Each structure stands twice: as C-alpha cells, then as structure tokens.
Amino acid sequence: EDQVTQSPEALRLQEGESSSLNCSYTVSGLRGLFWYRQDPGKGPEFLFTLYSAGEEKEKERLKATLTKKESFLHITAPKPEDSATYLCAVQALGYSTLTFGKGTMLLVSP
Amino acid sequence: DAGVIQSPRHEVTEMGQEVTLRCKPISGHNSLFWYRQTMMRGLELLIYFNNNVPIDDSGMPEDRFSAKMPNASFSTLKIQPSEPRDSAVYFCASSLRLQGGVGANVLTFGAGSRLTVL
C-alpha cells in the first residue's frame with residue numbers, strides 16, 4: 001500500500017526566513033511525485049511533478065527535490081502570500097490514482 | 001476554461017437525508033476522481049472513472065455511497081442515508097489520461113463541496 005507522510009504538520013515562519021517541508025513516501029514503483037498548494041476554502045492547485053531521484057524543479061520562491069525515499073519543498077525568502085497548506089502525493093507505476101499526504105500548513109508572518 | 005465545477009459549495013442536512021453532490025469536469029478530460037478531505041484523514045480517494053466507466057471504487061466507504069458518470073461532462077456522488085461522520089469536504093478532480101495510461105497524471109481539482117450532516 002502506498003504511503004505518504006509529511007512533516008512538519010504545521011510551520012510558522014517570519015517573512016524572509018527560508019525553510020523546507022518534507023514528504024516521505026513508500027510506493028512499489030514511482031510514476032510521479034506531486035506537490036500541490038491548497039488555500040483555505042479552495043481545492044488543491046498543482047505545483048510540480050517529479051519523476052526520478054535527483055530531479056529538481058523551481059517556481060518563484062519554491063524548489064522541489066526528489067530522492068528515492070523523500071521529497072523536499074524548499075521555500076526561499078517566503079512572503080505572506082506563500083501561506084497555504086502544501087500537499088504531497090504519489091502515483092505508482094501502472095496506476096492512475098494519486099495517494100496524498102495530510103499536508104503541511106505553512107504560515108508566513110510579515 | 002472554467003475549470004472543474006462543483007455544486008453545491010455548501011450543504012447542511014440532517015442525518016438520514018439524501019445528499020447529491022455534482023461535478024462538471026474540464027472539457028476534454030477523460031478521467032474523473034472523487035476525493036474526500038477531513039482533518040483526521042486528509043484527502044482520500046473515493047472513486048475513479050475513466051471514459052465514464054468506474055475503474056476503482058475501493059475507497060467508497062459503504063453501500064450508502066454511490067457515484068455515477070452518465071456522460072463525459074457530468075458526475076454525481078450520492079449519499080443515502082447521510083450520517084454525521086460523512087461530514088467533510090468532497091472534491092472532484094479531472095485529468096487527461098493518454099491511451100494506455102502512461103505518464104504522470106496531473107489532477108485539476110474543483111473548489112469542493114463542504115457537507116455538514118447534523
């Protein structure tokens with residue numbers, strides 16, 4: 001059974017204070033690892049897909065990295081508008097569905 | 001594109017009543033997913049359709065839950081009878097799967113339907 005564990009559950013940062021969110025996963029064979037952002041009262045919004053260990057992707061202040069067991073979402077010099085819940089999900093080879101972690105709730109204070 | 005459209009956005013009902021949630025996927029997408037989100041369990045897959053055919057309904061909690069996709073532009077999730085433990089946010093998502101199902105499956109989510117069962 002695919003498993004995704006995210007840590008920490010919640011993270012509070014000051015504006016400009018860089019940090020990382022962790023996503024540990026167990027999957028029989030990885031098709032893709034996904035990061036989504038979810039704002040309160042809204043559905044998850046796609047950020048990145050990573051396919052293989054060593055891969056990195058960037059978008060503005062966010063950079064996602066992948067190893068064989070975990071993924072990190074690095075947030076550089078965050079701003080208050082980066083406050084959201086960040087969700088990690090995996091898709092196993094041969095399957096079309098995604099298994100999600102419970103998310104990390106990020107709050108960036110001015 | 002209007003994205004994935006869900007209705008109603010909020011539903012408050014009493015235990016025992018029937019609840020129907022509706023979803024219009026993105027035009028051209030051939031896969032549709034129903035997820036449920038709670039604080040305790042996070043996002044859980046309920047059912048997945050491909051080309052309007054249910055492929056995996058192993059996440060449907062019990063016989064009180066049913067889902068249909070009569071055509072490519074409409075799906076419903078029905079709960080009958082509803083119970084307080086069904087209170088959650090229900091999300092519909094759609095994607096375009098290539099023939100053979102290869103490649104990563106990027107889901108686009110709707111805004112969700114928040115269900116409260118009293």
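Below is a summary of the structure that appears in this document. Remember, it's a predicted structure, so these values are computed and weren't measured experimentally.

Quick notes on the rules
- Every chain begins its residue count from 1, and numbering advances along the sequence as written.
- Labels follow written order: the first chain is A, the first ligand is 1, and so on.
- Since the coordinates come from a predicted model, pLDDT governs what is reported: local features require at least 70, and pairs of side-chain atoms require 80 or more to be given and counted, while whole-chain, interface and lining totals use all residues.
- In computing side-chain values, all of the structure's heavy atoms are included and hydrogens and water are not.
- A run of H or I in DSSP counts as a helix once it spans at least four residues, and a run of E counts as a strand once it spans at least two, with each numbered from the N terminus.
- Atoms considered for the radius of gyration are the C-alpha atoms alone. The globule rule reads 2.2 Å times the number of residues to the power 0.38.
- To sort residues, take the accessible area from a 1.4 Å probe on protein chains only and compare it with the maximum for the residue type: under 20% means buried, over 50% means exposed, and anything in between is partly exposed.
- Two residues form a contact once any of their heavy atoms are found within 4.5 Å.
- Areas reported as accessible are Shrake-Rupley estimates using a 1.4 Å probe. Residue values count occlusion only from the protein chains shown.
- Residues counted as positive are Lys and Arg, residues counted as negative are Asp and Glu, and His and the chain ends are not counted.
- The location of each charge is read from NZ of Lys, CZ of Arg, CG of Asp or CD of Glu.
- In this description, strands pair whenever DSSP reports at least two bridges between them.
- Note on definitions: angles span 0 to 180 degrees between N-to-C directions of axes, and those axes are lines fitted to C-alpha atoms, for helices only across the stretch in contact.
- Buried area adds together the accessible area that both of two parts lose upon being put together, with accessible area traced by a 1.4 Å probe.
- The working definition used for a salt bridge is a side-chain nitrogen of Lys or Arg within 4 Å of a carboxyl oxygen of Asp or Glu.
- Two N or O atoms form a polar contact when they lie within 3.5 Å of each other; inside protein one atom must be a possible hydrogen donor and the other a possible acceptor, and for residues adjacent in sequence the pair counts only when both atoms belong to side chains.
- Classification of ring pairs rests on two measures: the distance between centres of Phe, Tyr or Trp rings, Trp counted by its six-membered ring, which must be within 6.5 Å, and the angle between planes, read as stacked under 30 degrees, edge-to-face over 60 and tilted in between.

**Some points on the overall build of chain A**
If you tally the helices and strands in chain A, you get zero helices and 11 strands. Listed N to C, the secondary structure of chain A is β-β-β-β-β-β-β-β-β-β-β in terms of helices and strands. Whereas a compact globule of 110 residues would reach a radius of gyration of roughly 13 Å, chain A reaches 13 Å, a difference of no more than 12%. Referenced to the eigenvectors of the C-alpha coordinate spread, the extents of chain A come out at roughly 45 × 30 × 20 Å.

**Things to note about the overall build of chain B**
When helices and strands are counted, chain B shows zero helices and 11 strands. At 14 Å, chain B has a C-alpha radius of gyration in line with the 13 Å of a compact globule built from 118 residues. Along the first, second and third principal axes, the C-alpha atoms of chain B reach 45 × 30 × 30 Å. Within chain B, the proportion of its 118 residues that are buried is 47%. Restricting the contact set of chain B to residue pairs at least 6 apart, pairs at least 24 apart contribute 55%. Counting only carbon and sulfur atoms, one obtains 52% of the accessible surface of chain B, whose full area is about 5900 Å². When the 11 basic and 11 acidic side-chain charges of chain B are each reduced to a single mean position, those positions are 5 Å apart.

**Regarding the sheet that holds strand 8 (residues 74-79) of chain B**
All names here are of chain B. Read across the open sheet, the four strands follow the order 1-3-8-7; overall the sheet is antiparallel. Two strands lie at the open edges of the sheet, namely strand 1 (5-7) and strand 7 (65-71), each paired on one side alone. Neighbour to neighbour, the strand axes of the sheet diverge by 15 degrees on average, direction disregarded. Across three bridges, strand 1 lies against strand 3 (residues 19-24) in antiparallel orientation. What sits directly across from I5, in strand 3, is K24.

**Focus: the interface of chain A and chain B**
Taken together, the contact pairs 19 residues of chain A with 20 residues of chain B. Overall, the association of chain A and chain B removes approximately 1500 Å² of surface from exposure, summing both partners, and the carbon and sulfur fraction of that is 57%. The three residues of chain A that bury the most area against chain B are S96, T97 and F100 of chain A, which together make up 30% of that side's buried surface. Remark: the boundary between chain A and chain B carries zero salt bridges. For the interface between chain A and chain B, the tally reads nine residue pairs in polar contact (both at pLDDT 80 or more). Of all the secondary structure elements, the ones that give two or more residues to the side of chain A that touches chain B are strand 4 (30-38), strand 5 (45-50) and strand 9 (84-92) of chain A.

**Considerations on the environment of P84 of chain B**
In this fold, P84 of chain B is placed in the loop between strand 8 and strand 9 (88-95). Sequence-distant contacts of P84 of chain B, that is, excluding residues within four places in its chain, are made with M15, V117 and L118 of chain B.

**Focus on the packing of aromatic side chains**
Scanning the model with the defined rule gives eight aromatic pairs over all chains in all. Summarising the aromatic geometry, the rings of Y35 of chain B and F109 of chain B are spaced 5.8 Å apart at their centres and angled 50 degrees between planes, so their arrangement reads as tilted. Note that Y35 of chain B is positioned in strand 4 (residues 31-38) and F109 of chain B in strand 10 (residues 108-109), a separation of 74 residues in sequence. Both residues of the pair, Y35 of chain B and F109 of chain B, belong to the buried class. Members of the aromatic cluster, connected to one another through ring pairs, are Y36, F46 and F100 of chain A together with Y35, F91 and F109 of chain B.

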